[in-house]
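# Examination of the molecular architecture
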Amino acid sequence: MNKRRNPQTERCTLEMKVSFNLLDEPWIPVRSANANDPPVILLSLTEVFKRSNEIRRIEHVRPLVVAALYRLLVAICVRALPPERDAERHRHRLLELSNTGLPVDSILAYLEASRGRFDLFNPDDPFMQVAGIEEQAWCDAWYRLTAEDGSGNTSAISNPQNRLNADDVIQPISASEAACLLVAHQQYALGGLIKRIITSSQSAKNAPAATFVLEGPTLTQTLLLNTPHMRATEFRADVAWWERARLTRAMIEAQQQVVYDGFVSAWTWPSRALLLVPQVEEGEIVVRNVYYAPGVPMADTDVQLSKDPLCAYRTTKDGVQLPLRISVDRAMWRNCQTFLPTGLAGTTPPYVIEQALSLNEDMNGEPHALSAWTIRVLGQANDKSKVDLVLDESFTISADVLHAHMGRVEEAVTAIDTVGSALRASMYVFANEVLSTAEKSADPDAAKKLAESTRTVERYWWLMNGVFTRFLAGQGTEDEYVRLVEDVLHTASTLLSRSVEGQGMNKRIIRGVAPAYRTFYNAVSALRSITKAQEVTK
């Protein structure tokens with residue numbers, strides 16, 4: 001028996017005939033602004049659009065579910081509304097809708113046209129799944145759909161104990177939770193071995209990239225802020241999965257690539273051939289198992305890669321645009337020169353951020369219904385088929401910084417990077433002096449290991465998260481920049497003194513203190529002169 005199976009998965013059966021239509025059944029978790037509601041409630045697709053003015057945001061403990069559900073709702077909005085002739089007219093419509101509300105009748109009529117395809121357990125065409133794949137697919141636990149828990153050959157980054165063993169009993173999840181995990185997995189599945197139909201399968205289009213969502217005060221404003229302009233020719237070609245011919249077992253077996261026609265296709269395409277196995281327990285529909293096989297791959301083209309409006313891009317030396325990824329070792333705000341419109345060569349911010357800035361320009365900088373928003377970054381850091389980190393990070397950026405002081409944002413990031421590099425270098429010099437003797441220089445690897453063991457630089461970067469985000473939320477003035485430099489220098493010098501002086505007072509340690517301080521202050525002399533000049537001015 002394959003290790004991914006257990007006694008319960010062997011008894012997978014699809015004889016149970018149930019229905020769970022996502023248009024009617026509550027499944028999307030949202031934080032309500034209505035005082036009469038619990039803080040977090042489940043709503044159907046229909047109710048989400050009807051009550052979008054009463055909803056603050058999508059709320060789920062798994063960041064990839066949040067990102068995937070936002071993409072799903074935006075895709076529906078894009079497909080339900082006829083495209084405007086140009087981007088300016090599109091922005092004008094967004095401003096109008098921000099005052100009048102979403103065109104709910106048009107959206108619901110669009111959804112009703114594909115009602116049957118939104119049934120999670122439709123026997124012939126289940127939502128974002130493939131019927132009839134039982135013989136070709138693995139029968140796995142529902143954990144296989146998550147990045148955090150993991151199952152089979154995936155990582156278990158949040159709770160390694162959740163990895164299934166041969167005798168484990170699979171605890172069921174509700175149909176609503178299964179729907180959330182299904183949508184997220186189809187958008188964020190990583191490439192790797194599957195050994196069914198083909199040996200391995202490629203990643204979903206969105207899997208490696210950081211997703212940037214603009215969140216407004218209500219879901220209405222969030223959906224409008226993240227709805228990009230689409231030309232008529234793109235609108236005709238870029239259709240959602242539920243508007244296409246249904247996927248069949250024969251198409252899965254053929255593995256013939258399809259060319260996707262834009263971001264809606266990518267967001268709604270089943271990257272894996274899945275089939276949820278429903279059961280009824282105590283009158284409730286639950287899911288323990290899922291049939292799992294590779295999906296029909298999408299052709300990868302540079303032109304279409306650039307079409308994702310929620311991604312930032314960097315251009316390589318070869319002229320290829322690659323999406324900005326999440327790194328375990330580098331906080332996302334350190335990449336703000338890429339995802340904010342700083343004008344840095346070779347970078348392209350997410351389309352939705354540029355569109356939001358254009359909305360402010362259309363209103364001549366005056367406050368309007370879509371002028372207040374937060375950048376929320378969601379996604380996963382991965383090493384091929386293994387997930388190392390799942391990210392959910394938010395930035396509040398003032399309009400003043402975005403419109404008039406983006407140059408200072410770059411200066412702030414450069415200052416923080418400069419001080420961080422100086423701190424790292426000074427700790428290495430200290431470690432090298434401590435480990436050196438009169439007869440022999442320190443081993444470089446040993447010095448590096450000692451410097452890193454103090455976790456000085458790690459603490460520095462953790463503290464810089466708050467320093468920089470406070471700067472972004474300010475007015476971007478020269479005084480605020482100087483205060484940031486002062487805070488950065490003070491933080492780093494304090495960490496340095498505590499680290500080197502906290503090692504003790506033997507001769508070797510005392511010998512290393514002065515070179516460490518000298519290395520640090522020489523490296524940051526230009527930044528120190530900025531704060532001294534400010535003192536003279538005062």
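Residues numbered from 1 in each chain as written. Predicted model: local features only at pLDDT ≥ 70, side-chain atom pairs only at ≥ 80, totals over all residues. Heavy atoms only, no water.

### Here's the deal with the nonpolar core
Short version of the rule: Remark: nonpolar core denotes a set of buried residues (Ala, Val, Leu, Ile, Met, Phe, Trp, Tyr, Cys) joined through side-chain atoms within 4.5 Å. Only protein chains enter the calculation, and the probe is 1.4 Å; a residue is then buried if its accessible area is under 20% of its type maximum, exposed if over 50%, and partly exposed in between. Elements are defined by DSSP. Helices are runs of H or I of four residues or more, strands are runs of E of two residues or more, and each kind is numbered from the N terminus. Whether two residues are in contact is decided by their heavy atoms, any of which lying within 4.5 Å being enough.
Counting residues in hydrophobic clusters, the biggest one holds 166 residues, and the most contacted among them are Trp 27, Phe 127 and Ile 375. For this core, the leading source of residues is helix 3 (residues 63–80), giving 15 residues. Other than its neighbours up to four places away in sequence, Trp 27 contacts Phe 20, Leu 22, Leu 42, Leu 43, Ser 44, Leu 45, Leu 69, Leu 72, Ser 176, Ala 179, Cys 180 and Val 183.

### Section: the packing of helix 15 (residues 406–435) against helix 16 (residues 444–453)
Definition in use: Geometry is summarised by axes, namely lines fitted to C-alpha atoms with helices restricted to the contacting stretch, and by angles between N-to-C directions that run from 0 to 180 degrees. For classification purposes, an angle smaller than 35 degrees is called roughly parallel, one larger than 145 roughly antiparallel, one from 65 to 115 roughly perpendicular, and anything else oblique. Less than a right angle of anticlockwise turn of the near helix away from the far helix marks a crossing as left-handed, whereas a clockwise turn marks it as right-handed. Only Asp, Glu, Lys and Arg are considered charged, only Ala, Val, Leu, Ile, Met, Phe, Trp, Tyr, Cys and Pro nonpolar, and every remaining residue, Gly among them, polar.
Relative orientation of the contacting elements helix 15 and helix 16 amounts to 120 degrees, with a least axis distance of 8 Å. Here helix 15 is positioned oblique relative to helix 16, judged by the angle of their axes. Taken as a pair, helix 15 and helix 16 cross one another with a handedness that is right-handed. Here Met 427, Tyr 428, Ala 431, Asn 432, Val 434 and Leu 435 of helix 15 come into contact with helix 16, specifically with Pro 444, Ala 446, Ala 447, Lys 448, Leu 450 and Ala 451. Residue classes in the contact of helix 15 with helix 16 are distributed as 10 nonpolar, 1 polar and 1 charged.

### Examining helix 4 (residues 87–100)
The criterion, for reference: For a helix, the expected span equals 1.5 Å multiplied by the number of residues minus one.
Here helix 4 is 14 residues long and its end C-alpha atoms lie 20 Å apart, about the 20 Å a rise of 1.5 Å per residue gives. Of all the residues in helix 4, the buried ones are His 90, Arg 91, Arg 93, Leu 94, Leu 95, Leu 97 and Ser 98. Buried residues along helix 4 sit against helix 7 (219–225) and helix 13 (351–362).

### A word on the confidence of the model for the chain
Definition in use: Per-residue confidence from the predictor is reported as pLDDT, which spans 0 to 100.
When pLDDT is averaged across the chain, the result is 85; 88% of the residues are at 70 or more. Per-element confidence in the chain ranges from a low mean pLDDT of 42 for helix 1 (residues 7–10) to a high of 98 for helix 2 (residues 45–50). A low-confidence stretch, residues 1–11 (pLDDT under 50), is modelled with 30 contacts involving residues beyond four sequence positions or located in other chains. In this model, residues 302–306 is a region of pLDDT below 50 whose contacts with residues beyond four sequence positions or in other chains number 10 contacts.

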